[in-house]
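# Commentary on secondary and tertiary structure
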Amino acid sequence: MVIRGVVEKVIENRGEHTFTIHGVHVVLAGPACLINHSCDPNCMHVLNESGTFDIVARRDIASDEQITHDTSAYEYEVAHFSQECLCGSDICRGEVKGWKDLTKEERESIREYAIPFLQHISDLEVLADDSYVESREHSG
Ligand SMILES: [Zn+2]
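Residues numbered from 1 in each chain as written. Predicted model: local features only at pLDDT ≥ 70, side-chain atom pairs only at ≥ 80, totals over all residues. Heavy atoms only, no water.

### Focus: the overall build of the chain
- The secondary structure content of the chain amounts to three helices and seven strands.
- Listing every helix and strand of the chain by position from the N terminus yields β-β-β-β-β-β-β-α-α-α.
- If one aligns the C-alpha atoms of the chain with their principal axes, the spans along those axes are about 55 × 35 × 30 Å.
- The buried share of the chain, reckoned over its 140 residues, is 39%.
- Of the contacts made within the chain by residues no fewer than 6 positions apart, 53% connect residues no fewer than 24 positions apart.
- Just so you have it, the chain exposes about 8200 Å², and 50% of that area is on carbon and sulfur atoms.
- Between the centroid of the 12 positive side chains of the chain and the centroid of its 26 negative side chains there is a distance of 2 Å. (Helix = DSSP H or I, 4+ residues; strand = E, 2+ residues; numbered from the N terminus. Buried < 20%, exposed > 50% of the residue type's maximum accessible area, 1.4 Å probe, protein only. Contact = heavy atoms within 4.5 Å. Areas by Shrake-Rupley, 256 points an atom, 1.4 Å probe, with all protein chains shown as cover. Lys, Arg positive; Asp, Glu negative; His and termini not counted. Charge placed at Lys NZ, Arg CZ, Asp CG, Glu CD.)

### Comments concerning the sheet that holds strand E3 (residues 24-28)
- Strand order across the open sheet formed by three strands is E1-E3-E2, with antiparallel pairing between neighbours. Taken across any chain shown, the strands that pair with only one partner, and hence form the sheet edges, are strand E1 (7-11) and strand E2 (19-21). Across this sheet, the average inter-strand angle for adjacent strands is 45°, counted without regard to direction.
- When E2 meets E3, the two strands line up antiparallel, connected through three bridges. Considered in E3, the bridge of Ile 21 is made with Val 24. (Pairing = 2+ DSSP bridges. Axes fitted to C-alpha atoms, helices over the stretch in contact; angles between N-to-C directions.)

### A look at a nonpolar patch on the surface
- A grouping of Val 7, Val 10 and Val 24 is seen on the molecular surface, where their side chains present a nonpolar patch of about 220 Å² in accessible area.
- Tracing the chain through its elements places Val 10 in strand E1.
- Taking relative accessible area as the criterion, Val 10 reaches 56% and is therefore assigned exposed. (Patch = residues over 30% accessible without salt bridge, like charges linked within 9 Å, V, L, I, M, F, W, Y side chains within 5 Å. Salt bridge = Lys/Arg side-chain N within 4 Å of Asp/Glu carboxyl O.)

### Observations regarding helix H2 (residues 116-128)
- Taking 1.5 Å of rise per residue, the 13 residues of H2 would be expected to cover 18 Å, and the 18 Å separating its terminal C-alpha atoms lies within 8% of that figure.
- Among all positions in H2, only Leu 118, Gln 119, Ile 121 and Ser 122 are buried. One face of H2 carries all of its buried residues, which in axial projection span an arc of 155°. What points out from H2, more than 90 degrees from its buried face, is the exposed set Pro 116, Leu 127 and Ala 128.
- Those residues of H2 hidden inside the fold are in contact with helix H1 (104-110). (Expected span 1.5 Å × (residues − 1). Arc of directions from axis to C-beta.)

Okay, structure coming up:
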């Protein structure tokens, strides 16, 4: 556990420092809103018993290392900051974008740490894809 997720306030519209939790835009208390994006983040979001997300390490973090998370893994849409990514990781996607703008391959590459809500949206999109449904029907 790096930062305990506690909702400070619920707001109507998505903002630069908001998180979207179950379709609701919130500001988390403490330093959570100040974490920078990385395409190879050292932290991920894990649902807690209060219904929001804790920031949890996904690997060891050095004492002088910046805490990072992957915006694409918790936001459906990014609209409030420059989309050019400056994370500098070897697997940088080049821009910060929401889950909806990721390619299928990009989604698969972050699926292990993306929040369940976004994974559920992808599952629904697959079900809504006629060609996928047809192929399933033909295969029995
Ligand atoms: Zn990047």
